[in-house]
Amino acid sequence: MALITGCGKRDGMGRAIAGTLAASGVAVVVTDKQPAGVPNRRQEIVGLPGDGWRGVDSLVQEITASGGTATSLLGDISVEADARAMVEAAAAWRGRLDILVNGAAAPQGLDRQDIEEVPVEVWDMVIGINLRGTYLMSRFAVPHMRAQRWGRIINISSQAGQVAAAKSTAYSASKAAVLGFTRALSADVAPWGVTVNAIAPGMVATSRSVLSVDPGLDVEAEVKRRGSMLAVGRPGYPRDIAAAVAYLASEGSGYMTGQTLVLDGGGPAPFATRPPGAPR
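Residues numbered from 1 in each chain as written. Predicted model: local features only at pLDDT ≥ 70, side-chain atom pairs only at ≥ 80, totals over all residues. Heavy atoms only, no water.

1. Some points on the packing of helix α4 (residues 80-94) against helix α5 (residues 120-148)
Axis angle and axis distance: for two packed helices, these are the angle between their axes and the distance between the axes, and together they describe the pair.
Alright, step 1. Where α4 meets α5, the axes come as close as 9 Å, and the angle between the chain directions of the two elements is 35°. Between α4 and α5 the crossing geometry is right-handed. The residues of α5 that touch α4, namely those facing Glu-80, Ala-83, Arg-84, Met-86, Val-87, Glu-88 and Ala-91, are Arg-132, Leu-136, Met-137, Phe-140, Ala-141 and His-144.
Alright, step 2. Looking at the contact of α4 with α5 residue by residue, the class counts come to 8 nonpolar, 1 polar and 4 charged. (Axes fitted to C-alpha atoms, helices over the stretch in contact; angles between N-to-C directions. Helix = DSSP H or I, 4+ residues; strand = E, 2+ residues; numbered from the N terminus. Left-handed = near helix turned anticlockwise from the far one by under 90°. Contact = heavy atoms within 4.5 Å. Nonpolar A, V, L, I, M, F, W, Y, C, P; charged D, E, K, R; others polar.)

Following this line, the structure appears as structure tokens:
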């Protein structure tokens, strides 16, 4: 049974991860702070598509319609009582907790500015969700996994936690800390058959990949343009992250722990050139 945080957005990694695990026969509990996730600043200004997406409720319906097993929970992972309640409810649902995917992250907003312009309360919010939330969910999941002597904890970090990223102090700090937390926790729980690994995505085509609040921006074209500068010639997609999670959640990943799997399309390749007619 898997508990996955940050599943409310239609185009998010959480949806893809939940669908992928459910398709492999894993019962999934999908969660978010509110049903359709917390809007990013661009979404607050430009608005959300009126496509009928109801967040985790729609996701549960989608999974069950495909023959999978799923249920949903709501809560704020940065709040101790909420984190504890979600873990306990998830474990009680199927009698065990095998997989925890810490995918929820703070919405983009006023944190994406020069350090002098980042409000202290916004810094605290980003650290609270991205780092404290990962700690709390793991803290309450570990006793269940130790008791059954098997478990997989997968933390979604970011390339921004490894390389310099302008106007990203709070986000980069939180995601770098998640990598350190991953390594340390892996050493604590390894004797019980529990592995802890992280994924550091680069550019992935979700609502978080576009910071501009320009309502006239062609988002799809911008995502493709940026993806074309990567070595693989395309942006990443939530399904790419989900495939990596599926491996880290499997029995076959048991010899891998305390590691960070970088999924960045080969990284920016400004000096790479393609021969005429090469696919994009």
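Resuming the write-up.
2. Side note on α4
Alright, step 1. The terminal C-alpha atoms of α4 lie 22 Å apart, and with 15 residues this matches the ideal 21 Å at 1.5 Å per residue to within 8%.
Alright, step 2. Within α4, burial applies to Ala-83, Met-86, Val-87, Ala-90 and Ala-91. The buried residues of α4 occupy one face: seen down the axis, they fall within an arc of 120°. In α4, the exposed positions that point more than 90 degrees away from the buried face belong to Ala-81 and Ala-92.
Alright, step 3. Contacts from the buried residues of α4 go to β1 (2-4), β2 (28-32), β3 (70-74) and α5.
Alright, step 4. Gly-95 sits one or two residues past α4 and shows a positive phi near 85°. (Expected span 1.5 Å × (residues − 1). Buried < 20%, exposed > 50% of the residue type's maximum accessible area, 1.4 Å probe, protein only. Arc of directions from axis to C-beta.)

3. Here we look at the side chain of Asn-130
Alright, step 1. Tracing the backbone shows Asn-130 in helix α5.
Alright, step 2. Given a relative accessible area of 1%, Asn-130 falls into the buried group.

4. A closer look at the sheet that holds strand β5 (residues 151-156)
Alright, step 1. Strand order in the open sheet made by the 7 strands is β3-β2-β1-β4-β5-β6-β7, with parallel pairing throughout. On the outer flanks of this sheet lie β3 and β7 (260-263), each paired with one strand and no other. On average, each strand axis in the sheet is inclined to that of its neighbour by 20°, with strand direction left out of account.
Alright, step 2. Here helix α3 (residues 56-65) sits on the sheet and contacts β2 and β3; the angle it forms with β3, its principal contact strand, is near 170°.
Alright, step 3. Contacting β5, β6 (194-201) and β7, helix α6 (residues 169-189) crosses the sheet at an angle of about 165° to β6. (Pairing = 2+ DSSP bridges.)

5. Quick word on α3
Alright, step 1. Residues of α3 that are buried: Val-56, Ser-58, Leu-59, Val-60 and Ile-63.
Alright, step 2. If you follow the buried residues of α3, they end up packed against α1 (13-23), β2 and β3.
Alright, step 3. Just downstream of α3, Gly-67 is the residue with a positive phi angle, here 95°.

6. A word on the layout of surface pockets
Rolling a probe over the atoms, with the probe sized like a water molecule, indicates the empty space that remains.
Alright, step 1. Considered as a void within the structure, the second largest pocket measures approximately 640 Å³ in volume.
Alright, step 2. As for the second largest pocket, its lining consists of 28 residues, of which Asp-11, Gln-43, Leu-48, Pro-49 and Ser-207 are closest to the centre.
Alright, step 3. Looking at the lining of the second largest pocket, the elements with two or more residues in it are α2 (41-46) and α7 (219-227).
Alright, step 4. A total of 4 residues in the lining of the second largest pocket trace back to one element, the largest contributor, which is α7.
Alright, step 5. The class makeup of the residues in the lining of the second largest pocket is 13 nonpolar, 8 polar and 7 charged. (1 Å grid on protein atoms, 1.4 Å probe; cavity = no way out; pocket = protein on both sides within 12 Å on 5 of 7 lines; lining within 4 Å. Points joined across faces, edges and corners; volume = space filled by probe spheres on them.)

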